[in-house]
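These are the residues of each chain, in order.
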Amino acid sequence: MATENKNLSTYDKTKIPNAKDLRFGIVVSEWNTEITSALAKGAFDALIDCGAKAENILKWDVPGSFELTFGSKKMITTQKVDAVIAIGSVIRGETSHFDFVCSATAQGIKDLNVAYDVPVIFCVLTDDTMQQAKDRSGGKHGNKGTEAAIVAIQMAVLGK
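Calculation rules
Residues numbered from 1 in each chain as written. Predicted model: local features only at pLDDT ≥ 70, side-chain atom pairs only at ≥ 80, totals over all residues. Heavy atoms only, no water. Core = buried A, V, L, I, M, F, W, Y, C linked by side-chain atoms within 4.5 Å. Buried < 20%, exposed > 50% of the residue type's maximum accessible area, 1.4 Å probe, protein only. Helix = DSSP H or I, 4+ residues; strand = E, 2+ residues; numbered from the N terminus. Contact = heavy atoms within 4.5 Å. Axes fitted to C-alpha atoms, helices over the stretch in contact; angles between N-to-C directions. Parallel < 35°, antiparallel > 145°, perpendicular 65-115°, else oblique. Left-handed = near helix turned anticlockwise from the far one by under 90°. Right-handed = clockwise from strand over helix to strand, strands pointing away. Pairing = 2+ DSSP bridges.

### A few points about the nonpolar core
- Counting residues in each nonpolar core, the largest one holds 28 residues, and the members touching the most others are Phe-24, Ile-26, Leu-47, Ile-85, Ile-87 and Ile-153.
- Within the residue set of this core, elements represented by two or more residues are β1 (24-29), α1 (33-49), β3 (83-91), β4 (120-127) and α5 (144-159).
- Once residues lying within four places of it in the same chain are set aside, the contact partners of Ile-26 are Ala-43, Phe-44, Leu-47, Ile-57, Leu-58, Lys-59, Trp-60, Met-75, Ile-85 and Ile-87.

Listed below in structure tokens is the structure:
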């Protein structure tokens, strides 16, 4: 496993642009809320740590990961953000539903990146177990929300 025994959430602020003049949207799935809330906190904290102002970070909740595409699209078209972070968590169950939700969500986020000049960052955990999700939302592998925030800053600056 590529992330085994690694915390991927450390970053060097000297290599990241200051986010003080940027506006961010965070769209969060309410499904698996223990995980998505931790990811959203990681994203918010990293944005603040890198200079973003709290009043320039908008957070919207949507029912599930499938709805992240529509929520992100509405954020782009109504809120004048420089980047959107789409946060979700899909954990494999006993049916193929997992595959359909993961594929549609990834495709939807990709489509937004093609259709709009505002980057949408894919921060959707697609894990086999709840423990894997916990490990990537503040556990032994760090917080993917933190990583998504750093990517959002870099892509927002690229888009300016």
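### Side note on the packing of helix α2 (residues 68-79) against helix α3 (residues 97-115)
- At a minimum axis separation of 9 Å, α2 and α3 run at an interaxial angle of 20°. On the basis of the axis angle, α2 is roughly parallel to α3. With respect to the hand of their crossing, α2 and α3 are arranged in right-handed fashion. Contacts between α2 and α3 involve Leu-68, Thr-69, Ser-72 and Lys-73 from the former and Thr-105, Gly-108, Ile-109 and Leu-112 from the latter.

### Comments concerning the pairing of β1
- Within β1, six of the six residues are buried, leaving the element largely enclosed by the surrounding structure.
- Alternating residues of β1 divide into Phe-24, Ile-26 and Val-28 and Gly-25, Val-27 and Ser-29, and every residue in both groups is buried.
- Note on the crossover from β1 through α1 to strand β2 (residues 57-62): the handedness is right-handed.
- For β1 and β3, the ladder comprises five bridges, and the chain directions are parallel. When the bridges of β3 are listed, Phe-24 appears paired with Ala-83.

Without other data, these values stay purely geometric and don't point to any function.
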